[in-house]
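# What the coordinates show
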Amino acid sequence: NAGVTQTPKFRILKIGQSMTLQCTQDMNHNYMYWYRQDPGMGLKLIYYSVGAGITDKGEVPNGYNVSRSTTEDFPLRLELAAPSQTSVYFCASTWRDGNSPLHFGNGTRLTVT
Amino acid sequence: RKEVEQDPGPFNVPEGATVAFNCTYSNSASQSFFWYRQDCRKEPKLLMSVYSSGNEDGRFTAQLNRASQYISLLIRDSKLSDSATYLCVAPGGSNTGKLIFGQGTTLQVKP
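Right, let's walk through the structure included here. (Residues numbered from 1 in each chain as written. Chains lettered and ligands numbered in written order. Predicted model: local features only at pLDDT ≥ 70, side-chain atom pairs only at ≥ 80, totals over all residues. Heavy atoms only, no water.)

Here we take up the interface of chain A and chain B. Taken together, the contact between chain A and chain B spans 25 residues of the former and 22 residues of the latter. A buried area of about 1,900 Å², summed over both sides, lies between chain A and chain B, and 54% of it is on carbon and sulfur atoms. On the surface where chain A and chain B come into contact, there are zero salt bridges. Linking chain A with chain B are seven residue pairs in polar contact (both at pLDDT 80 or more), by the criterion used here. Within the residue set of the side of chain A that touches chain B, elements represented by two or more residues are strand 4 (31-37), strand 5 (43-51) and strand 9 (87-94) of chain A. (Contact = heavy atoms within 4.5 Å. Buried area = accessible area lost by both parts, 1.4 Å probe. Salt bridge = Lys/Arg side-chain N within 4 Å of Asp/Glu carboxyl O. Polar contact = N/O pair within 3.5 Å; in protein donor to acceptor, adjacent residues only side chain to side chain. Helix = DSSP H or I, 4+ residues; strand = E, 2+ residues; numbered from the N terminus.)

Right, let's get into the pattern of salt bridges. By the definition in use, this model includes eight salt bridges over all chains. Notably, a salt bridge pairs D38(A) with R36(A), separated by 2.8 Å at the nearest N-O pair. One salt bridge in this structure joins R59(B) and D82(B), with 2.8 Å as the shortest N-O distance. Here R59(B) is found in the loop between strand 6 (54-57) and strand 7 (60-65), whereas its partner D82(B) is found in the loop between strand 8 (70-75) and strand 9 (84-91), with 23 residues between them in sequence. A relative accessible area of 22% places R59(B) in the partly exposed class. On the basis of relative accessible area, D82(B) is assigned to the buried category, the value being 3%. (Buried < 20%, exposed > 50% of the residue type's maximum accessible area, 1.4 Å probe, protein only.)

Our next topic: the sheet that holds strand 1 (residues 4-7) of chain A. All names here are of chain A. The sheet built from four strands is open, its strands ordered 1-3-8-7 with antiparallel pairing. Of all strands in the sheet, those with a lone pairing partner are strand 1 and strand 7 (64-66), marking the two edges. Neighbour-to-neighbour, the strand axes of the sheet open up by a mean angle of 20°, direction not taken into account. (Pairing = 2+ DSSP bridges. Axes fitted to C-alpha atoms, helices over the stretch in contact; angles between N-to-C directions.)

We now examine the packing of aromatic side chains. A complete count under the given rule lists 13 aromatic pairs over all chains for this structure. Aromatic side chains Y33(A) and Y48(A) sit 6.0 Å apart centroid to centroid with 15° between the ring planes, which places their arrangement in the stacked category. Residue Y33(A) is found in strand 4, and its partner Y48(A) is found in strand 5; the two are separated by 15 residues along the sequence. The exposure class of Y33(A) is buried, given its relative accessible area of 0%. Look at Y48(A) and you get buried, because its relative accessible area is 1%. An aromatic cluster is defined as three or more aromatic residues linked by ring pairs; in this entry it consists of Y33(A), Y35(A), Y48(A), F90(A), F104(A), Y36(B) and F101(B). In this structure, R68(A) is placed above the aromatic ring of F74(A), and the distance from its NZ or CZ to the ring centre is 6.0 Å. (Phe/Tyr/Trp six-rings, centres within 6.5 Å; stacked < 30°, edge-to-face > 60°. Lys NZ or Arg CZ within 6 Å of the ring centre and 35° of its normal.)

Set out below in structure tokens:
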């Protein structure tokens, strides 16, 4: 049982490049989340999904896109990367009603230069 | 008002001390809350869930005050290994499933 798997672990992007951060979970969780964490700060919610085909904006959605075509996968797309998107990105998932604890991936450390 | 708010600290305490953190939330309809521990910007690890008035696990006690809309985390007999950042999580807004983190409280336990 792998839990929540994020790839890649590290990535360096040049300004203006695009990339997709992958997140997959094998626990059949309905709810999935993307957070970013800047140095010395808490986690900020980027996007979340309560089920396949449904996505909603979080606190800081600008510059990102998501899709949820299957229950297992919730990729995060960065278009036109900017230095302000340098951060650690965490994907998480939880059980059906959102009142259960979050299970986290190991994070992706992204640097945009 | 932020949806979930914590005092960022840092809290510097000696070993053996008792320390408490508070976390306020704005969504009065929230039913469940969580405390996570985070080390060195690794992924957060669940510390405690709070579904009703409170929860206790060894040296850790979490309490919920619905009237004042805050949750607290009490750590008794602090250990050096308790040094970390403590994050609270609460449902945000009226959207089901939206989980918001506070900015985290840093605890440093000193010998």
